[in-house]
Amino acid sequence: MDLFAPDTALTPIPLRDGELGWLAQLPLPWPNEVVLARLIAETAWREETVVVYGKRHLQPRLSAWHGDKAYRYSGLSLAPLPFTPLLDTIRLAAENATGRPYNSVLLNYYRDGRDSMGMHSDDEPELGPAPAIASVSFGATRTFSLRHKATKETLKLPLTDGSLLFMGGAMQANWMHGINKTARPVGARVNLTFRNIE
Ligand SMILES: O=C(O)CCC(=O)C(=O)O
Ligand SMILES: [Mn+2]
């Protein structure tokens, strides 16, 4: 038996030079609002400083890294925290939905519309040549912006409460993604990107 055979079909989102899959509601044993409240309350959130072009900045969001391996980007090395039972439950659901294994998760807490994430690709070498990333969102809907590196085509996806967005194949090689700030009054949102570090 294939341990990671998916039992929930993702809906493919067609786009050039990459793979995207969508699931409107990840099956979990608790309502989304309970998961959101627990993630906010139980996570050891950090306000990280990153170095971009030699300058130090505070990231406009809170984050936490869980897994067995350290994670490095933008001059930052996040020491890993162990998976908790709550994170393990969400990881198992994400593995079942996508048919991929994950050994790490980056959590990001967007407290309101002023919190954001700049355009980037998750293309660190330790994620392998075709990173598989399962992005699970709870709370306020925020717009996920995608931009093709060569053609500059753009795509905007509303990431709704309880949803899973899968990024695979050549997605990170060819596209950048991010979460823009918004002037709309929006509540809290927590996003989890499950990854597999080799
Ligand atoms: O919050 C999101 O939906 C995006 C998160 C993301 O791109 C990341 O953690 O690398
Ligand atoms: Mn990312």
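Rules and cut-offs
Residues numbered from 1 in each chain as written. Chains lettered and ligands numbered in written order. Predicted model: local features only at pLDDT ≥ 70, side-chain atom pairs only at ≥ 80, totals over all residues. Heavy atoms only, no water. Salt bridge = Lys/Arg side-chain N within 4 Å of Asp/Glu carboxyl O. Helix = DSSP H or I, 4+ residues; strand = E, 2+ residues; numbered from the N terminus. Buried < 20%, exposed > 50% of the residue type's maximum accessible area, 1.4 Å probe, protein only. Pairing = 2+ DSSP bridges. Axes fitted to C-alpha atoms, helices over the stretch in contact; angles between N-to-C directions. UniProt positions renumbered as here; feature names shortened; annotations may be inferred. Near = heavy atom within 4 Å. Polar contact = N/O pair within 3.5 Å; in protein donor to acceptor, adjacent residues only side chain to side chain. 1 Å grid on protein atoms, 1.4 Å probe; cavity = no way out; pocket = protein on both sides within 12 Å on 5 of 7 lines; lining within 4 Å. Sits in = over half its atoms within 2 Å of the grid points. Expected span 1.5 Å × (residues − 1). Donors = N, O, S within 2.8 Å, 3.2 Å for Na, K, Ca; no water.

Trainee: I would appreciate a short explanation of the pattern of salt bridges in the present structure.
Mentor: Where charged atoms from two side chains of opposite charge approach closely, those side chains can pair. A full pass over the atoms with the stated rule returns seven salt bridges. A salt bridge links arginine 16 to glutamate 153, with the shortest nitrogen-to-oxygen separation between them at 2.5 Å. On the criterion of sequence distance, the pair formed by arginine 16 in the loop between β1 (11-12) and β2 (19-23) and glutamate 153 in the loop between β11 (142-148) and β12 (154-159) is long-range, its members being 137 residues apart. Overall, arginine 16 belongs to the partly exposed group, its relative accessible area being 46%.

Trainee: I would appreciate a short explanation of the sheet that holds β11 in the present structure.
Mentor: If you walk across this open sheet you meet the four strands as β9-β14-β11-β12, and the pairing is antiparallel. Two strands close off the open sheet at either side, each with one partner strand: β9 (117-120) and β12. Averaged over all neighbouring strand pairs, the angle between strand axes comes to 15°, with direction disregarded. Bridging between β9 and strand β14 (residues 175-179) involves two bridges; their strand directions are antiparallel. Bridge pairing in β14 places methionine 117 opposite isoleucine 179.

Trainee: Explanation requested: the UniProt feature "domain: Fe2OG dioxygenase" (unreviewed entry) in the protein chain in the structure shown.
Mentor: Residues given the UniProt feature "domain: Fe2OG dioxygenase" (unreviewed entry) here are residues 101-198. Structurally, residues 101-198 comprises 4% helix and 49% strand, and the distance from its first C-alpha atom to its last is 11 Å.

Trainee: Sorry if this is basic, but what is going on with the site of ligand 1 here?
Mentor: Taken together, 14 residues sit near ligand 1, with Tyr110, His120, His177, Arg189 and Arg195 positioned nearest. Between ligand 1 and asparagine 108, the relevant distance is 3.3 Å, taken from an oxygen atom to a side-chain nitrogen or oxygen of the residue. For ligand 1, an oxygen atom lies 2.8 Å from a polar atom in the side chain of arginine 189. Judged by the fraction of its atoms near the pocket grid, ligand 1 is located in the largest cavity. Per-element tally for the shell around ligand 1: the top contributor is strand β15 (residues 189-195), with four residues.

Trainee: Sorry if this is basic, but what is going on with helix α2 (residues 85-98) here?
Mentor: Side chains three or four residues apart in an α-helix point the same way, a direct result of the helix having 3.6 residues per turn. Between its terminal C-alpha atoms α2 stretches 20 Å, which fits the 20 Å expected from 14 residues at 1.5 Å a residue. Inspection of α2 places Leu86, Leu87, Ile90, Arg91, Ala93, Ala94, Glu95, Ala97 and Thr98 among the buried residues, and these make up the whole buried set. Just downstream of α2, glycine 99 is the residue with a positive phi angle, here 70°.

Trainee: I tried to follow the coordination of the manganese ion (ligand 2) on my own but got confused; where do I start?
Mentor: Each pair of donors in an ideal four-coordinate tetrahedral metal site encloses 109.5 degrees, whereas pairs in an ideal six-coordinate octahedral site enclose 90 or 180 degrees. The manganese ion (ligand 2) binds to the protein through His120 (NE2), Asp122 (OD) and His177 (NE2); the donor distances cover 2.1 to 2.2 Å. Of note, the donors binding the manganese ion (ligand 2) are all from one chain and are spaced H-x1-D-x54-H. In this pair, aspartate 122 is assigned in the loop between β9 and β10 (133-139) and histidine 177 in strand β14, connecting sequence segments 55 residues apart. Given the relative accessible area of 4%, histidine 177 is considered buried.

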